[in-house]
Amino acid sequence: MDALDPRVRVVWAVRALLGAVVLGGALLVLDRFAVSVPLWAVGAAVGLVAVLGLAHVVLRYRRWRYELQADALYLERGVVTEVETAVPFVRIQHVDTQRGPLERLAGVSSVVLYTAGSRGADVTVPGLAPTRAEDLRERLRELAAESEAGDGV
Amino acid sequence: MKRLHPLVALFRALGYAVNVGGLMILLVGVLLPALGVSAAEALVLFPVGAVVGAAFGLLTYLRFRYEVTDDTLDVHSGVVSRRQREIPLDRVQNVDVEQSAWQQLLGVASLRVETAGGGSTEATLDFVDAEEAERVRALLRAEARPEPDAAAPKTGSGPGSALFALTPSELVVYALTGFRPGALALTLFGLPIVDRLLRNWLLAAAAPLGGPERLVLRSLTPDQALALAAVGLPSLAAGGWLLGAALAVNDQYGFTLRREGDDLHYDRGLLTSLSGSIPLARVQTLTVRENVFQRALGYAGLSIDTAGYGGQESGGQRSAIPMARRERVVALAAAIEDVDVDGEFERPPARARRRYAARYALAVAALAAAAFSVARVVGDFSLWWTPAVLFAGVLPAAHLTWRHRGYAVREDHVLVRAGFWTRRTTVVPNERLQTVQRRATVFQRRRDLASVVADTASGAVLRRGGAVLYDLDAETATGLADDLRSRLAASVGSAGES
């Protein structure tokens, strides 16, 4: 089982902190235009959300595992809800690599697999070093082509 | 390349003329006076708008052309931005022909073509000559044969053989036992029409329960509101129920299902007649649904999921049987998928029941707390404790939820059953599995439980496709997830070689 690139934690942490900042902003707007919210409460809420978010990032990173198995890509992830997914190569419709601005700054990349399924039709493996992401994409593409059976529906 | 029915040109021209002309009137009435243009000058715009609209409508007709080639359905359309669409015939999932009441009078019909991709219908011919619609349908169905598939012909019956016809008593059961939220909305919509009559009746009926003397929203006390709700909501439900029954009769009247080669073909409808094809080789899942009344009477319905149907009409499912005696449903399911939808089902472990009880108790507590806070804030609400009565129902409800959940692993299928009010039994063929997931929330892990999701490519958007096996023992879930994976690998391997 492979772990994700440690740098993905930076991406997740920045997102969690941004969420906390947005919450703080919303509370300040609420205080300004509707009911009064004491400043210490705003600070406490932002702090709590930030701490919980960072703890979630640490646990999430620890929990994330993926592995190329004989017939499927196998993923383990999730903190509150633990999810283990097997995506059979025959069912892969196409594969993307994606890099958002934050991911580019942190120097990581994501691989996204698309299936014809209706629930979780796209499965993302986040936080891979760019070369590794490209290798994985190419490998998945080959495996999907090898195991071609009909139209995958 | 062919065009749509000539009448479409007339309808489109008229429609766009009225729309664009209307838009001009809006411009004249609202915007132009502000700019200081006199009304007389502005009125000239209406006929101009109407002519431009009519021309545009005519152009949309002229630009829309279609053709069935040897291996594709080509549709060219668009005035401003043009689109040329080619749909490979072997990717066509379903073809439906619809004739509304006025279309029947004119002898025309609309045709819809669905493929697995995208969220909406891939091609719509709205509308063509009824014979032309039938010709295109037959052509599409004849060409849209996917490579011979293990899932396809499982009954030996020849082409055109009738599989099922809805009897009048089945139609009545279907109409009266179903509940259609859409009809409820329609009832609400119709309320203002019978306003005064309804008010007086509502007040009279609510009076013995402590209802108000007059219907003035601002002066209602919570107690009076509760009395009104106790009378009003059931009446509303009854109205919705009756209207829903009428709509159901209109929808499913004369339902027949027959077999045409590798397709199932249905015809139904009273005012609007609908017919369509469901390719057997494209069946993703089967679902037997039976609500509590239907179970008591021994009736059930069967629907078929394919990968087409992006989110319209009952969320991607087509009725194979709207309603029939249970034995007939079981027999047809066996004919389509060679599986027994009854038989033994494994229930979740008994400790799952405690989870449901805890969940329902929390919901009731939340409701009671909400009512209590209303009583504190508004006052005059001596009946705030009424939601707490629901606590009595928590344990029975938890038991019923538990009792109706189950799963069965058969040779070529996984079956999942859930729901007390409407019990759904979903059949997932091994070769239709897409991804397999095992999930466990914090609450499930506390009790050593986990769920397994067997995803399929079915178009059922509302319930999301596939099937969820809720609250299995954690060990069992791990084993089952692995089992499903190897089943998929085995079935796809054998299908790929043939």
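Residues numbered from 1 in each chain as written. Chains lettered and ligands numbered in written order. Predicted model: local features only at pLDDT ≥ 70, side-chain atom pairs only at ≥ 80, totals over all residues. Heavy atoms only, no water.

Brief notes about the overall build of chain B
Working step 1: What chain B contains, in helices and strands, is 16 helices and 19 strands.
Working step 2: At a minimum sequence separation of 6, the contacts of chain B that also span at least 24 residues come to 61%.
Working step 3: Accessible area for chain B stands at about 24,400 Å²; split by element, carbon and sulfur atoms hold 63% of it. (Helix = DSSP H or I, 4+ residues; strand = E, 2+ residues; numbered from the N terminus. Contact = heavy atoms within 4.5 Å. Areas by Shrake-Rupley, 256 points an atom, 1.4 Å probe, with all protein chains shown as cover.)

A word on the overall build of chain A
Working step 1: The secondary structure content of chain A amounts to four helices and six strands.
Working step 2: Listing the helices and strands of chain A from first to last along the sequence gives α-α-β-β-β-β-α-β-β-α.
Working step 3: Relative to a compact globule of 153 residues, whose C-alpha radius of gyration would be 15 Å, chain A shows 19 Å and is clearly more extended.
Working step 4: Considering only C-alpha atoms, chain A reaches an extent of 60 × 30 × 25 Å along its principal axes.
Working step 5: Buried residues in chain A amount to 41% of all 153 residues.
Working step 6: Within chain A, contacts between residues separated by at least 24 positions form 49% of all contacts whose residues are at least 6 apart in sequence.
Working step 7: When the accessible surface of chain A is split by element, carbon and sulfur atoms take 61% of a total near 7,900 Å².
Working step 8: Distance between charge centroids for chain A: 8 Å, based on 17 positive and 18 negative side chains. (Rg over C-alpha atoms; globule rule 2.2 N^0.38 Å. Buried < 20%, exposed > 50% of the residue type's maximum accessible area, 1.4 Å probe, protein only. Lys, Arg positive; Asp, Glu negative; His and termini not counted. Charge placed at Lys NZ, Arg CZ, Asp CG, Glu CD.)

Considering the pattern of salt bridges
Residue and element names in this part refer to chain B.
Working step 1: In the structure shown here, the tally under the stated rule is 26 salt bridges over all chains.
Working step 2: Arg351 is the salt-bridge partner of Asp473, the closest N and O atoms lying 2.6 Å from each other. In this pair, Asp473 is assigned in strand S19 (residues 467–473) and Arg351 in helix H13 (residues 351–378), connecting sequence segments 122 residues apart.
Working step 3: According to the relative accessible area criterion, Asp473 is partly exposed, its value standing at 21%.
Working step 4: The class of Arg351 is partly exposed, set by a relative accessible area of 23%.
Working step 5: Salt bridges sharing partners connect three or more residues here, namely Glu134, Arg137, Arg258, Glu260 and Asp267. (Salt bridge = Lys/Arg side-chain N within 4 Å of Asp/Glu carboxyl O.)

Concerning the sheet that holds strand S8 (residues 256–260) of chain B
All names here are of chain B.
Working step 1: Sheet architecture is open: seven strands sit in the order S6-S5-S4-S10-S9-S8-S7, paired in antiparallel fashion. The strands lining the two open edges of the sheet, one partner per strand, are strand S6 (123–129) and strand S7 (161–165). Each strand of the sheet is rotated relative to its neighbour by a mean of 20°, with strand direction disregarded.
Working step 2: Sheet topology note: the strand S9 (residues 263–268)/strand S10 (residues 273–279) ladder contains six bridges and is antiparallel. Counted as the bridge partner of Leu264 is Ile278 from S10. (Pairing = 2+ DSSP bridges. Axes fitted to C-alpha atoms, helices over the stretch in contact; angles between N-to-C directions.)

Considering the nonpolar core
In globular proteins that are soluble, nonpolar side chains generally tend to be buried together.
Residue and element names in this part refer to chain B.
Working step 1: Ranked by size, the top nonpolar core spans 30 residues in total, and within it Leu257, Leu286, Leu302, Ile304 and Ile336 carry the most contacts.
Working step 2: Of all the elements in the fold, those that place two or more residues in this core are S9, S10, strand S11 (285–291), strand S12 (299–305), strand S13 (317–325) and helix H12 (326–337).
Working step 3: Of the residues forming this core, the biggest block, five residues, is contributed by H12.
Working step 4: Counting residues in each nonpolar core, the second largest holds 25 residues, with Val75, Leu125, Ala133 and Leu140 among its members. (Core = buried A, V, L, I, M, F, W, Y, C linked by side-chain atoms within 4.5 Å.)

Notes on the sheet that holds strand S5 (residues 109–115) of chain A
All names here are of chain A.
Working step 1: Judged by pairing direction, the sheet is antiparallel, and its three strands sit side by side in the order S4-S5-S6 without closing on themselves. Every interior strand has two partners, whereas the edge strands, strand S4 (92–98) and strand S6 (122–128), have only one. If you compare each strand with its neighbour and ignore which way they point, the axes differ by 15° on average.
Working step 2: Relative to the sheet, helix H4 (residues 130–146) contacts S4, S5 and S6, its axis offset from that of S4 by approximately 170°.

Considering a nonpolar patch on the surface
Residue and element names in this part refer to chain B.
Working step 1: A surface patch of nonpolar side chains, about 630 Å² in accessible area, is lined by Leu10, Phe11, Leu14, Trp102, Leu105 and Leu106.
Working step 2: Where the nonpolar patch is concerned, the elements lending two or more residues are helix H1 (6–35) and helix H4 (101–106).
Working step 3: Along the chain, the position of Leu105 falls in helix H4. (Patch = residues over 30% accessible without salt bridge, like charges linked within 9 Å, V, L, I, M, F, W, Y side chains within 5 Å.)

Some details on unusual backbone geometry
All names here are of chain B.
Working step 1: In this model, Asp126 is joined to Phe127 through a cis peptide bond whose omega is 0°.
Working step 2: For Phe127, the position within the fold is in strand S6.
Working step 3: The phi torsion at Asp338 lies on the positive side, around 55°, for a residue other than glycine.
Working step 4: Note on placement: Asp338 falls in the loop between H12 and H13.
Working step 5: Residue Asp338 is classed as exposed on the basis of its relative accessible area, which comes to 56%.

Quick look at helix H2 (residues 39–63) of chain A
All names here are of chain A.
Working step 1: In this model, H2 (25 residues) spans 36 Å end to end at C-alpha, consistent with the 36 Å of a helix rising 1.5 Å per residue.
Working step 2: When we look at burial in H2, the residues that qualify are Val42, Ala50, Gly53, Val57 and Tyr61.
Working step 3: For H2, the secondary structure elements touched by its buried residues are helix H1 (8–33) and strand S1 (65–68). (Expected span 1.5 Å × (residues − 1).)

Focus: the packing of H13 of chain B against helix H14 (residues 391–404) of chain B
Residue and element names in this part refer to chain B.
Working step 1: In the contact formed by H13 and H14, the axes pass within 8 Å of each other and the chain directions differ by 145°. Both H13 and H14 take part in a crossing whose hand is right-handed. Within the contact between the two elements, H13 uses Ala352, Arg353, Tyr356, Ala357, Tyr360, Ala361, Val364 and Ala365 and H14 uses Phe391, Val394, Leu395, Ala397, Ala398, His399, Thr401 and Trp402.
Working step 2: Looking at the contact of H13 with H14 residue by residue, the class counts come to 13 nonpolar, two polar and one charged. (Left-handed = near helix turned anticlockwise from the far one by under 90°. Nonpolar A, V, L, I, M, F, W, Y, C, P; charged D, E, K, R; others polar.)

Side note on the packing of aromatic side chains
Residue and element names in this part refer to chain B.
Working step 1: Under the criterion given, the structure shown has eight aromatic pairs over all chains.
Working step 2: Between Phe255 and Tyr266 the ring centres are 6.4 Å apart and the planes differ by 0°, which places this aromatic pair in the stacked class. Of the two residues, Phe255 sits in the loop between helix H9 (222–252) and S8 while Tyr266 sits in strand S9, which places them eleven residues apart along the sequence.
Working step 3: On the accessibility criterion, Tyr266 (1% relative accessible area) is buried.
Working step 4: Feature note: the residues Phe11, Trp102 and Phe127 constitute an aromatic cluster, connected by ring pairs.
Working step 5: A cation sits over an aromatic face here: Arg353 above Trp402, 4.4 Å from the ring centre. (Phe/Tyr/Trp six-rings, centres within 6.5 Å; stacked < 30°, edge-to-face > 60°. Lys NZ or Arg CZ within 6 Å of the ring centre and 35° of its normal.)

Considering the confidence of the model for chain B
Residues and elements named next belong to chain B.
Working step 1: Within chain B, residue pLDDT values average 83, and 86% of them lie at 70 or more.
Working step 2: Under a pLDDT of 50 for its full length, residues 146–159 has, in the predicted model, 25 contacts with residues more than four places off or in other chains.
Working step 3: Note that residues 310–316 has pLDDT below 50 and, in this model, 20 contacts with residues that lie over four places away or in other chains. (pLDDT = per-residue confidence, 0-100.)

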